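# Remarks on the overall topology
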Amino acid sequence: MLPQSKSVQDHCGAAIIWSSTGLISFGVLWLLGDLLWHGWSQLSWSFLFSSPENAGREGGIGPILISTSLILGVCMIVAWPMGLGTAIFLAEFTQDDHRFGRLIRGSLDVLAGVPSIVFGLFGNALFCQALGLGFSILSGGLTLACMVLPILIRTTEESFRAITSDQRLSAAALGFSTSTTVGSILLPAAIPGLLVGSILGIGRAMAETAALIFTSGYVDRMPESLLDSGRALSIHIYDLAMNVAGGNPNAYATAVVLVGLLIIINLAASWIAEKWTTLNQLPT
Amino acid sequence: MILSTNNISSHFHSDQFLLWSLRFLALMAGSLLLLVVVFLVHEAWPAFQQIGLTSFFTDADWAPTEKLYLLTPMLWGTLWATLGAIMLAAPIGILSALFIQYCAPPFLARGYRRLIELLSGIPSVVFGLWGLVVLVPLIARWQPPGPSLLAGILILFLMILPTITLVVQASLAQIPVSFIHNATALGLSRWSMIRRVILPTAKAGIFTGIFLGVARALGETMAILMVCGNVVQTPSHLFDPIRTLTANIALEMAYALGNHRSTLFVSGLLLMGMVVVFVMMAEGLRHREIYAATK
């Protein structure tokens, strides 16, 4: 802690800090309160399961929830093996000064900063047009997979690096092959980290809108296959708020569902991370 | 660090297979960035060839149907919105970090940090919804029409505040306690300690936070699309509606064809270039020593 305030400057400084943080807290609580206030009353089980009617002004978000989970499913199925493989390679087979490893890490750092709208352009050009998938759940999921890959790789790599060297040494002393060591010793130990990474990735993908507008499209019907266009929750909010007069109540309700899901996801991730650190701290 | 690759029993066939498949996956992940750039350039190429680089800055207007492709109003929109948001978010983010680290009683610090983390997790489309329903009508009552540069700045400010606060706070947490003890022993007042000891020590972290905030603000699409009015014009004051580069892409991509579409990819490249510069500056600072004297 800092010493007790004495001078006039100290008092002014403290006043500025307290008033600005107070203002920010007020703003955040206003935003969340407004969301709950307008959205909560619209929520019901039938809202979650029924189809949108009258361009979304009435009815629910059933097909939209299904489309969202399909998009996320595609995203994770593609991102998982690639993320896991890259993370194992970076953590177990490259040193910090390894040139190939450094190149990949640098490229992933930059990829993590690329704006989502640019991923949208890229996904539209590659998946929708060049590969001929059109506006579809598959295109949207693949685009999101490219987007969440950096965060997935970073978290997983860290969880592999956190494993103590004893385990690698013991495995080598027992004459295990590298693949057995990785598959049976290191992978199980890194699973919580992998889980946290996946959950954070899903969170980021679920919050995404700009990358999906022109990859997975707007159609709010129940999707029949992965090649159908499907509307994600975030796009539903956008469309109701911007393009549908009188769509605000349902936009609010959808926003409450989306933010609620994201909060649950983040709580799960931090719960797992906490469990995992306490487990790792136990004497072995 | 002991690497699995140093394992002397690595002559198993399965190991070779594993290593090569991992290398392949890593190569794929690493070349994704290249793939993104290649596709953007490929799609933008016709515009470079047929319209020419100078037309984006010298044409009379943005009117793709009349083959006029002026990008500067959108560029100004993006730059002003980002500048305004960072001018608000940088000082307040630093103050918030100081509050969490030094000023607040522990329970308040934890609570405020939670609140900021919560803010960082809110999707941009929800910020946009709130801005559209609450903020824009408020501004409209004060200075019509409402959807404006100011609304965009305020929303962006809320969105990048968590980035700056959390990064700066993490770097404040790394300042050795001895610095503060020494400053106390020298009889520095609280204010001069913050100004002369804490802030200079955390300089790298502060700039990392600001650069990451700028990168996020430049690339933000949905929220700003929903509150800025999207009129193509160079803003002359805070209450003018603006259109940013990102919003322009999101609005017109759905029906753009030919050179129009290519021009949107050009603006995508432009955006990516700007964002990547800031991300790399932030990464460069992050790896730098926080304070050489601690060694």
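About the cut-offs
As a convention, each chain's residues are numbered from 1 in the sequence order in which they are written. Chains carry letters from A onward and ligands carry numbers from 1 onward, assigned in written order. Note on the predicted model: pLDDT of at least 70 is required for a residue's local features to be given, and 80 or more for side-chain atom pairs to be given and counted; whole-chain, interface and lining totals, by contrast, use all residues. Elements are defined by DSSP. Helices are runs of H or I of four residues or more, strands are runs of E of two residues or more, and each kind is numbered from the N terminus. Once C-beta atoms have been placed from the backbone, residue pairs whose C-beta atoms lie within 7 Å are recorded as contacts. In this scheme every C-beta is placed from the backbone, and a residue whose C-beta has 20 or more other C-beta atoms within 10 Å is buried, one with 12 or fewer is exposed, and one in between is partly exposed. Buried Ala, Val, Leu, Ile, Met, Phe, Trp, Tyr and Cys residues form a nonpolar core when they are connected through C-beta atoms within 7 Å. Orientation is described by axes fitted as lines to C-alpha atoms, over the contacting stretch for helices, and by angles from 0 to 180 degrees between their N-to-C directions. Note that the term roughly parallel is reserved for angles under 35 degrees, roughly antiparallel for angles over 145, roughly perpendicular for angles of 65 to 115, and oblique for everything else. Each residue receives one of three labels: charged for Asp, Glu, Lys and Arg, nonpolar for Ala, Val, Leu, Ile, Met, Phe, Trp, Tyr, Cys and Pro, and polar for the others, Gly being one of them. Working rule for helices: expected span equals 1.5 Å times residues minus one. The reported bend at a residue is simply the angle between two axes, fitted to the 7 residues ending at it and to the 7 residues beginning with it. Confidence per residue, as judged by the predictor, is encoded in pLDDT with a range of 0 to 100. In this document the domain limits rely on a domain assignment from an automatic tool or a database. Should the near helix be turned anticlockwise from the far one by less than a right angle, the crossing is left-handed, and should it be turned clockwise, the crossing is right-handed.

## As for the overall build of chain A
If you tally the helices and strands in chain A, you get 11 helices and two strands. Taken from the N to the C terminus, the helices and strands of chain A come in the order α-α-β-β-α-α-α-α-α-α-α-α-α. In chain A, 74% of the contacts between residues at least 6 apart in sequence involve partners at least 24 apart.

## A look at the overall build of chain B
Along the backbone of chain B there are 12 helices and two strands. Listing the helices and strands of chain B from first to last along the sequence gives α-α-β-β-α-α-α-α-α-α-α-α-α-α. Across its three principal directions, the C-alpha atoms of chain B cover 70 × 70 × 30 Å. Expressed as a percentage of its 295 residues, the buried residues of chain B come to 49%. Long-range contacts, defined here as pairs at least 24 residues apart, represent 76% of the contacts in chain B between residues at least 6 apart.

## A closer look at the nonpolar core
Ranked by internal contacts, the top residues of the largest apolar core, which has 176 residues, are Ile237 of chain A together with Val126 and Ile155 of chain B. Among all residues touching Ile237 of chain A, those that are not within four sequence positions of it are Ala251, Thr254, Ala255 and Leu258 of chain A together with Val125, Val126 and Leu129 of chain B.

## Here we look at the packing of helix H8 (residues 178-207) of chain A against helix H1 (residues 13-50) of chain B
Where H8 of chain A contacts H1 of chain B, the two axes come as close as 7 Å, and the packing angle between them is 65°. If you check the angle between H8 of chain A and H1 of chain B, you find them roughly perpendicular. Where H8 of chain A approaches H1 of chain B, its residues Thr178, Ser179 and Val182 of chain A are matched on the opposing element by Ser14, Asp15 and Leu18 of chain B. Grouping the amino acids of the contact of H8 of chain A with H1 of chain B by side-chain chemistry returns two nonpolar, three polar and one charged.

## Some details on the interface of chain B and chain A
Note: interface size is frequently given as the accessible area lost on complex formation between the parts. Counting residues at the interface gives 76 residues for chain B, matched by 78 residues for chain A. Among the elements that take part in the side of chain B that touches chain A, H1 of chain B stands out by supplying 18 residues, more than any other. Class assignment of the residues belonging to the side of chain B that touches chain A gives a composition of 53 nonpolar, 18 polar and five charged.

## Brief notes about helix H5 (residues 124-142) of chain B
Residues and elements named next belong to chain B. Given a rise of 1.5 Å per residue, 19 residues ought to cover 27 Å, and the 25 Å separating the end C-alpha atoms of H5 matches this to within 8%. Along H5, the sharpest kink reaches roughly 40°, centred on Gly131. Of all the residues in H5, the buried ones are Ser124, Val125, Val126, Phe127, Gly128, Leu129, Trp130, Gly131, Leu132, Leu135, Val136 and Ile139.

## Remarks on the confidence of the model for chain A
Low-confidence regions, as indicated by low pLDDT, have predicted coordinates that should not be scrutinised in detail. On average, chain A scores 88 in pLDDT, and the residues at 70 or more come to 95%. Ranking the elements of chain A by mean pLDDT puts strand S2 (residues 58-59) of chain A last with 84 and helix H5 (residues 116-130) of chain A first with 93.

## Notes on helix H1 (residues 8-39) of chain A
Since the α-helix advances by 3.6 residues per turn, residues separated by three or four positions end up pointing in the same direction. For H1 of chain A, spanning 32 residues, the distance from its first C-alpha to its last is 46 Å, which sits close to the expected 46 Å at 1.5 Å a residue. Every buried residue of H1 of chain A is listed here: Gly13, Ile17, Thr21, Ile24, Leu31, Leu35, His38 and Gly39 of chain A.

## Some words on the domain arrangement of chain A
Residue and element names in this part refer to chain A. Once the domains are mapped, chain A shows domain 1 (9-42) and domain 2 (46-281). Of note, the centres of domain 1 and domain 2, computed from C-alpha atoms alone, are 31 Å apart. At the interface, six residues of domain 1 touch eight residues of domain 2. Grouping the constituent residues of the side of domain 1 that touches domain 2 by class yields three nonpolar, three polar and no charged.

## Let's talk about the environment of Phe47 of chain A
All names here are of chain A. Structurally, the position occupied by Phe47 is in helix H2 (residues 45-49). Under the C-beta neighbour-count criterion, Phe47 is labelled partly exposed, with 17 such atoms within 10 Å. Separated by 116 residues in sequence, Phe47 and Ile163 place their C-alpha atoms 45 Å apart. Ignoring sequence-local partners within four residues, the contact set of Phe47 consists of Gln42, Gly60, Ile61 and Ala253.

## Focus on unusual backbone geometry
Residues and elements named next belong to chain B. Cis geometry is found at the peptide bond from Pro144 to Pro145, where omega equals 10°. Its place among the elements puts Pro145 in the loop between H5 and helix H6 (149-173). Positive phi is not limited to glycine here, since Lys67 has a value of about 60°. Locating Lys67 in the fold gives a position in the loop between strand S1 (62-63) and strand S2 (68-69). The backbone of Asn230 sits at a positive phi, close to 60°, despite the residue not being glycine. Structurally, Asn230 can be placed in the loop between helix H10 (222-227) and helix H11 (245-252).

## What to know about the confidence of the model for chain B
Residues and elements named next belong to chain B. Looking at chain B, the pLDDT average stands at 88 and 93% of residues meet or exceed 70. Counting contacts from residues 289-295, a segment whose pLDDT is below 50, to residues more than four positions away or on other chains yields six contacts. Interface scoring of the predicted complex returns ipTM 0.89; its pTM is 0.90.

## Focus: the packing of helix H3 (residues 72-103) of chain B against helix H9 (residues 203-219) of chain B
All names here are of chain B. Orientation of H3 relative to H9, taken along the N-to-C sense of each, is 145°, at an axis distance of 9 Å. Along this stretch, H3 crosses H9, giving a crossing that reads as right-handed. Contacts between H3 and H9 involve Thr78, Thr82, Ala85, Ile86, Ala89, Ala90, Gly93 and Ile94 on the former and, on the latter, Ile206, Gly209, Ile210, Gly213, Val214, Ala217 and Leu218. Looking at the contact of H3 with H9, its residues break down into 10 nonpolar, five polar and no charged.

## With respect to the environment of Gly93 of chain B
All names here are of chain B. Turning to its location among the elements, Gly93 is positioned in helix H3. Sequence separation between Gly93 and Ile206 is 113 residues, and the spatial gap between their C-alpha atoms is 9.3 Å. Discounting chain neighbours no more than four positions away, the residues touching Gly93 are Leu161, Ile164, Thr165, Val168 and Gly209.

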